[in-house]
Amino acid sequence: MTDTRFKDRLDALAQWYVTLTRQSVRHIGQFYAPEVHFKDPFNDIRSIAAMIAVYEHMFDTTDNPHFIIHDRIVDGDQAFITWVFEFRLKGKHYSIAGGTHLKFNAEGLVVLHRDYWDAAEELFQKLPVIGALIRWLRRLFETRIDLTAGRG
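Reading guide: rules and limits
- Residues numbered from 1 in each chain as written.
- Predicted model: local features only at pLDDT ≥ 70, side-chain atom pairs only at ≥ 80, totals over all residues.
- Heavy atoms only, no water.
- Phe/Tyr/Trp six-rings, centres within 6.5 Å; stacked < 30°, edge-to-face > 60°.
- Helix = DSSP H or I, 4+ residues; strand = E, 2+ residues; numbered from the N terminus.
- Buried < 20%, exposed > 50% of the residue type's maximum accessible area, 1.4 Å probe, protein only.
- Pairing = 2+ DSSP bridges.
- Contact = heavy atoms within 4.5 Å.
- Axes fitted to C-alpha atoms, helices over the stretch in contact; angles between N-to-C directions.

Participant: How should the packing of aromatic side chains be read in this particular structure?
Facilitator: Aromatic ring pairs: the centre-centre distance and the angle between the two ring planes describe each pair. Tallied over the entire structure, the rule returns 11 aromatic pairs. With a centroid separation of 5.6 Å and an interplanar angle of 40 degrees, the aromatic rings of Trp16 and Phe31 are classed as tilted. Here Trp16 is found in helix α1 (residues 3–18), whereas its partner Phe31 is found in the loop between α1 and β1 (32–39), with 15 residues between them in sequence. Neither Trp16 nor Phe31 differs from the other in exposure class; each is buried. A centroid spacing of 5.3 Å and a plane angle of 10 degrees characterise the contact between Phe87 and Tyr94, whose relative ring orientation is stacked. Both residues of the pair, Phe87 and Tyr94, belong to the buried class.

As structure tokens, then:
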């Protein structure tokens, strides 16, 4: 499969994510191989059935979940996309920025889907109680650089 074909598959997959609904989750097999390996900060699974369960859980626990796709890069049988995932939880709006590494098989189906996003920054620090602890830890380990040091 050529890079152009993988780009076309990635474009179709990105469009599927942008328009994702509880009903369209069942069409995941159009894009993902049965033995797909999916990993994000909360899940590490290896099947379409498990992926469907992850997305159904997303629709069960959040209001109006949706993805906004930004950059797309294709290199051979691999791709990387950047995105923002927006949703409401208990009446509060959340926006999570992240990226996804994808690998395609010869048929153009995704065999690896690895999401990268900082759960502490993007989610935990925005929550009451635990958020204060996360923000304190971030301040504790933050490097502070004095750009005026050494200037005469």
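Anyway, onward from the coordinates.
Participant: Whenever I open this one, the sheet that holds strand β2 (residues 44–45) confuses me. Can you help?
Facilitator: The pairing of strands in a sheet comes from backbone hydrogen bonds and takes either a parallel or an antiparallel form. Strand order in this open sheet of six strands is β2-β1-β6-β5-β4-β3, and the pairing throughout is mixed. Edge positions in the open sheet fall to β2 and β3 (63–75), since each of these has one partner strand only. In terms of strand pairing, strand β5 (residues 92–104) meets strand β6 (residues 110–116) through six bridges, oriented antiparallel. Each residue of the ladder has a partner; that of Lys103, found in β6, is Leu112. Each of β1, β2, β3, β4 (78–89) and β6 touches helix α2 (residues 48–61); the most contacted strand, β1, lies at about 55 degrees to it.

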